[in-house]
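# Coordinates in review
Single-letter residue listing:
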Amino acid sequence: MSIRVQHISRRFGDYQALDRISLEMYSGELVALLGPSGCGKTTLLRIIAGLESADTGHVYLDGEDSTHVPVRERGIGFVFQNYALFPSMTVNDNISFGLRMLPKAKRPHKAQIQKTVDDLLALVQLQGLGDRYPAQLSGGQRQRVALARALAIKPRVLLLDEPFGALDAKVRKELRQWLRALHHELKITSVFVTHDQEEAAEVADRIVVMNKGNVEQMDTPAQLFAQPATPFVREFLAV
Ligand SMILES: Nc1ncnc2c1ncn2[C@@H]1O[C@H](COP(=O)(O)OP(=O)(O)OP(=O)(O)O)[C@@H](O)[C@H]1O
């Protein structure tokens, strides 16, 4: 599914968090939102998700104006750094949560839900750990469960907000390579927020560099480093 953001603005009090942002993400693309703290990355992600409203502008999902479509109907999966797993539920129950919450008419049968969970556990390489509780997992394993949970509802778009931010450098590196491979396999349009340019360059097809609520440049990593479009991008990337 493609995502088009047109003239999106958002103000918090006196602070212009987003200033008439327009950009387009192609279907199946993996895009990184990169920029310094406070530049509006999370706000933009939340507006695409429908968790936050914009003061002006529109969000189009597959060409359809979705600005006023409620979060639940957007078909979006989330993985947030602080979007904790439910500690009192097993890994199985965490992953199946979204499916179990569907209205009865849409809810798959129990056996079908278990099969989906098993498939997802295999996909995120956590076979055999379905009966554990989150406290019995490492940080990297927990984020993979969070990703499996987001994928359970078969989202058309995946939004990740600093998904590996809380992890140590080595695990972080492993997980981003793994995310890249997983995206290659699933091809779900995905947008992730990071302030780490190395992470953005390694994982993303294209990078959006943001500064003070504006888009400075949107390009492939190679293009961005070869031809920074503005002095800010040049300085931020230190090229
Ligand atoms: N609910 C809110 N109320 C008031 N101000 C907010 C709110 N949400 C965000 N802001 C402000 O808007 C600006 C942009 O915030 P945002 O979280 O989008 O930045 P970010 O680029 O994701 O930063 P970080 O990398 O630190 O997470 C910040 O100055 C922030 O303090």
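Residues numbered from 1 in each chain as written. Predicted model: local features only at pLDDT ≥ 70, side-chain atom pairs only at ≥ 80, totals over all residues.

### Here we look at the sheet that holds strand 4 (residues 56-61)
In space, the four strands of this open sheet follow the order 2-1-4-5, with antiparallel pairing throughout. Strand pairing shows two members of the sheet lacking a second neighbour, strand 2 (15-25) and strand 5 (64-65), which therefore form its edges. When strand 1 (residues 3-12) meets strand 4, the two strands line up antiparallel, connected through five bridges. Residue pairing for strand 4: R4 is matched across the bridge by Y60. Running over the sheet, helix 1 (residues 41-49) touches strand 1, strand 2 and strand 4 and is turned about 120 degrees from strand 1. (Pairing = 2+ DSSP bridges. Helix = DSSP H or I, 4+ residues; strand = E, 2+ residues; numbered from the N terminus. Contact = placed C-beta atoms within 7 Å. Axes fitted to C-alpha atoms, helices over the stretch in contact; angles between N-to-C directions.)

### Describing the packing of helix 2 (residues 91-100) against helix 4 (residues 139-152)
Close contact between helix 2 and helix 4 brings their axes to 7 Å; oriented N to C, the two are set at 25 degrees. Comparing their axes, helix 4 and helix 2 come out roughly parallel. The interaxial crossing formed by helix 2 with helix 4 has right-handed handedness. Note on element contacts: helix 4 touches helix 2 through V145, A148, R149 and A152, opposite V91, N94, I95, S96, F97, G98 and L99. (Parallel < 35°, antiparallel > 145°, perpendicular 65-115°, else oblique. Left-handed = near helix turned anticlockwise from the far one by under 90°.)

### Digging into the sheet that holds strand 3 (residues 30-34)
Overall, mixed pairing links the six strands, which are arranged 6-7-8-3-9-10 in an open sheet. If you trace the sheet from one side to the other, it starts and ends with strand 6 (76-80) and strand 10 (214-219), each paired once. Strand after strand, the sheet turns through a mean of 15 degrees between neighbouring axes, direction not considered. As defined by bridge partners, strand 9 (residues 206-211) adjoins strand 10 across five bridges and the pair is classed as antiparallel. Within strand 10, the position partnered with N211 by the bridge is N214. Along the sheet, helix 4 makes contact with strand 6 and strand 7 (157-161), crossing strand 6 at roughly 165 degrees.

### Digging into the site of the ligand
Near the ligand the following residues occur: F12, Y15, A17, G35, S37, G38, C39, G40, K41, T42, T43 and H195. Of all the elements in the fold, those that place two or more residues in the shell around the ligand are strand 2 and helix 1. The biggest single contributor to the shell around the ligand is helix 1, with three residues. Partitioning the shell around the ligand into residue classes produces four nonpolar, seven polar and one charged. (Near = placed C-beta within 6 Å. Nonpolar A, V, L, I, M, F, W, Y, C, P; charged D, E, K, R; others polar.)

### Re the nonpolar core
Core analysis: the largest hydrophobic core is formed by 61 residues, its most contacted members being A32, L33, I48, A148, L159 and V208. For this core, the leading source of residues is helix 4, giving seven residues. Two domains share this core, each providing at least three of its residues, namely domain 1 (1-75 + 156-239) and domain 2 (84-154). Once residues within four sequence positions are removed from consideration, L159 is found in contact with L45, I48, A49, I76, F78 and V191. (Core = buried A, V, L, I, M, F, W, Y, C linked by C-beta atoms within 7 Å. Buried ≥ 20, exposed ≤ 12 C-beta atoms within 10 Å, placed from the backbone. Domains from an automatic or database assignment.)

### Remarks on the pairing of strand 1
Across seven bridges, the pairing between strand 1 and strand 2 is antiparallel. Bridging from a neighbouring strand, V5 pairs with L23 of strand 2. Linkage of strand 1 to strand 2, two consecutive antiparallel strands, is achieved through a turn of two residues, within which G13 is found at a positive phi near 60 degrees.

### Some remarks on the domain arrangement of the chain
Split into domains, the chain comes out as domain 1 (1-75 + 156-239) and domain 2 (84-154). Taken over C-alpha atoms, the centre of domain 1 sits 26 Å from the centre of domain 2. Of the residues lining the interface, seven residues belong to domain 1; the matching set on domain 2 comes to four residues. Looking at the side of domain 1 that touches domain 2 residue by residue, the classes come out as seven nonpolar, no polar and no charged.

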